[in-house]
Amino acid sequence: MIICKDLCKSYKHGLKSKRVLDNVNFTVEPGDRIALLGRNGAGKSTLIKLIGGVEMPTSGKVIRNMTLSWPLGFAGGFQGSLTGYDNARFIARIYQRKYSDIRAFIEEFTELGNQLKMPVKTYSSGMRARLAFGLSLAIEFDCYLIDEVIMVGDQNFNRKCHHELLERRQSRSMILASHSTELIQQVCNRAILVHNGQATEYDDVNQAVHDYSNL
Amino acid sequence: MSKFSLARLRDGWGTQTRVIHALMIRELITRFGRENIGFLWIMVEPLLFAGIVATLWRVSKGPEEHGISVIAFVISGYIPITLFRHGISRSQAVFTANGSLLYHRQIKIIDFLLSRFIIEFLGSSMAYIFIASILIVFDTFPIPSDIGLFMSGFLLYSIFSFSVCLVIAPLSEISETVEKFVPVTTYIMIPFSGLFYMLSWVHPTLREYMLFSPFINGMEMMRKGLWGDQITAYYNPWNPIIFSMIFAVFGLALCRHVRRTLTIE
């Protein structure tokens, strides 16, 4: 279970302060697939960073009772000047996994071939997404935090993600920030709509998508 | 209950050593690459610095001053100060530079500082051992008369340097002005670091004030450990210990404060 309790986040710039999230409360149960909806700049990514522990809330807290992936997105989690393999080795070390297993998995999953020997900064965003997904699927988490990134892949990648994440790991939880209402309706069983710093929970995804479209 | 928390402490210790190990390898690869001598580059810079300055002094001042070898004296001063200066310059803006690694929750910002400082520490130690071994063969460096005292001095000097890094790192995130003052400050403090002199060479009144500097206390310990009865040294090991504790408490509190407001892309 992951519990967000009275989460608030403000960003300060000089003397100005902006409250991005105001008193957000919700619980993620095992097996939940939660869609995060909201317009650009509404605070979806901020919320994902708070849940993932990348940034700290201004007040409130996040209680994590299951293993939770790092936020999968375009930025973060990688060192650009290191190669794909070096990054895999780093991840294997800090998550205490066997490098040979992770290496085998990402070679198979990402299909990046020799590109894995190149620095990550030379990768396209699609290739980064492949690597990020490959690494986090190689480690196995109870809950995956996914920020937009699922949409950048090509068809082959989408199919793989679908297979690995939605079919093979059906019992896992997921928090998915996305603008693709089609994907969300297909995948998620609950939704959270972030608007003006407030988060509204929906048990009916279609209703959430409807409200989101009317913003 | 106590057993429970002991197990947690052990887990935490395990995670942190793993993370620091991984960070150090990562840092070594990004900084030095895998070509030619690779990570051995970490000792090249202190070696060059100490070596060249020592040669200059040797040429301008002659082989001995106050009865001890000029080359050995300069090297014993320069290697610790390079450690301090590199440690400081490496800890500036280290949190934002490594921000993307904070995506992994087990990595804490202190780990960035620790891994970088340990690398600098190992580099300086290796450089020191390397150059001293060679010079001992040529009889220009003393065989340490009290290696324990020498190592305690080096350790205290290093710990104090690290505690200063703990303060500088978060300050450089809070205000960019700090970054602009650091090079000048580390330069100005060279004369107060005990680099060029022993306390027994200065006026007794001045000596009393100089003994407030943790660097000088550490440096005197190291030199006493090297030359033993050939020199007179003045030091109090509690000075660097107490100063380190004060800086560390202050620095850790600042780090905690900065982590709460750190914005990561």
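Residues numbered from 1 in each chain as written. Chains lettered and ligands numbered in written order. Predicted model: local features only at pLDDT ≥ 70, side-chain atom pairs only at ≥ 80, totals over all residues. Heavy atoms only, no water.

**A short note on the pattern of salt bridges**
This is how the line gets drawn: In the sections that follow, a salt bridge refers to a side-chain nitrogen of Lys or Arg positioned within 4 Å of a carboxyl oxygen of Asp or Glu. Helix and strand assignments come from DSSP, with helices taken as H or I runs of at least 4 residues and strands as E runs of at least 2, each series counted from the N terminus. Buried means the residue's accessible area, taken with a 1.4 Å probe over protein chains only, is under 20% of the maximum for its type, while exposed means over 50%, and partly exposed covers the values in between.
Applying the stated criterion across every chain yields a total of 18 salt bridges over all chains. Here Arg103(A) makes a salt bridge to Glu107(A), at a shortest N to O gap of 3.4 Å. Placement of both Arg103(A) and Glu107(A) in helix α3 (residues 99–110) is noted, with a separation of four residues, approximately one turn of the helix. Residue class for Glu107(A) comes out partly exposed when judged on its relative accessible area of 33%. Linking Glu27(B) and Arg31(B) is a salt bridge whose minimum nitrogen-to-oxygen distance equals 4.0 Å. Of this pair, Glu27(B) and Arg31(B) both sit in helix α1 (residues 2–32), separated by four residues, roughly a single helical turn.

**Notes on the environment of Leu135(B)**
Residue and element names in this part refer to chain B. Formally: Residue contacts follow a heavy-atom distance rule, with two residues in contact if any of their heavy atoms lie within 4.5 Å.
Tracing the sequence through the fold places Leu 135 in helix α5 (residues 109–137). Leu 135 sits 93 residues away from Ile 42 along the chain, and the two C-alpha atoms are 20 Å apart. Beyond its immediate stretch of four places on either side in the chain, Leu 135 contacts Ile 71, Ile 75, Thr 140 and Phe 141.

**A closer look at the sheet that holds strand β7 (residues 190–195) of chain A**
Residue and element names in this part refer to chain A. Applicable threshold: DSSP bridges decide pairing: two strands pair if at least two such bridges lie between them. Axis definition: a line fitted to C-alpha atoms, over the contacting stretch in the case of helices. Angles run 0 to 180 degrees between N-to-C directions.
Ordered in space as β5-β6-β3-β7-β8, the five strands form an open sheet in which the pairing is mixed. The sheet terminates laterally at β5 (143–147) and β8 (198–202), the two strands that pair on one side only. Averaged over all adjacent pairs, the angle separating strand axes in this sheet is 15°, with direction ignored. Across four bridges, strand β3 (residues 33–37) lies against strand β6 (residues 173–177) in parallel orientation. Directly across from Ile 34, in β6, lies its bridge partner Ile 175.

**Focus: the domain arrangement of chain A**
Residue and element names in this part refer to chain A. The line we're drawing: What fixes the domain bounds is an automatic or database domain assignment. Computed with a 1.4 Å rolling probe, the buried area is the accessible surface lost when two parts are put together, summed over both parts. Here a polar contact means two N or O atoms within 3.5 Å. Within protein one must be a hydrogen donor candidate and the other an acceptor candidate, and residues neighboring in sequence count only if both atoms are side-chain atoms.
Per the domain assignment, the segments making up chain A are domain 1 (1–69 + 141–215) and domain 2 (76–140). Summarising the inter-unit geometry, the C-alpha centres of domain 1 and domain 2 are found 24 Å apart. Of the residues lining the interface, 15 residues belong to domain 1; the matching set on domain 2 comes to 14 residues. Taken over both partners, the interface formed by domain 1 and domain 2 buries close to 1400 Å², and the fraction arising from carbon and sulfur atoms is 64%. Considering only the side of domain 1, the residues that lose the most area to domain 2 are Phe 141, Phe 157 and Lys 160, jointly responsible for 40% of the buried surface there. Here domain 1 is connected to domain 2 by four salt bridges. With its nearest N and O atoms 2.6 Å apart, the salt bridge here joins Glu 111 to Lys 160. Summed over the shared surface of domain 1 and domain 2, the number is nine residue pairs in polar contact (both at pLDDT 80 or more). Mapped onto the side of domain 1 that touches domain 2, the elements with two or more residues apiece are β5 and α5 (155–168).

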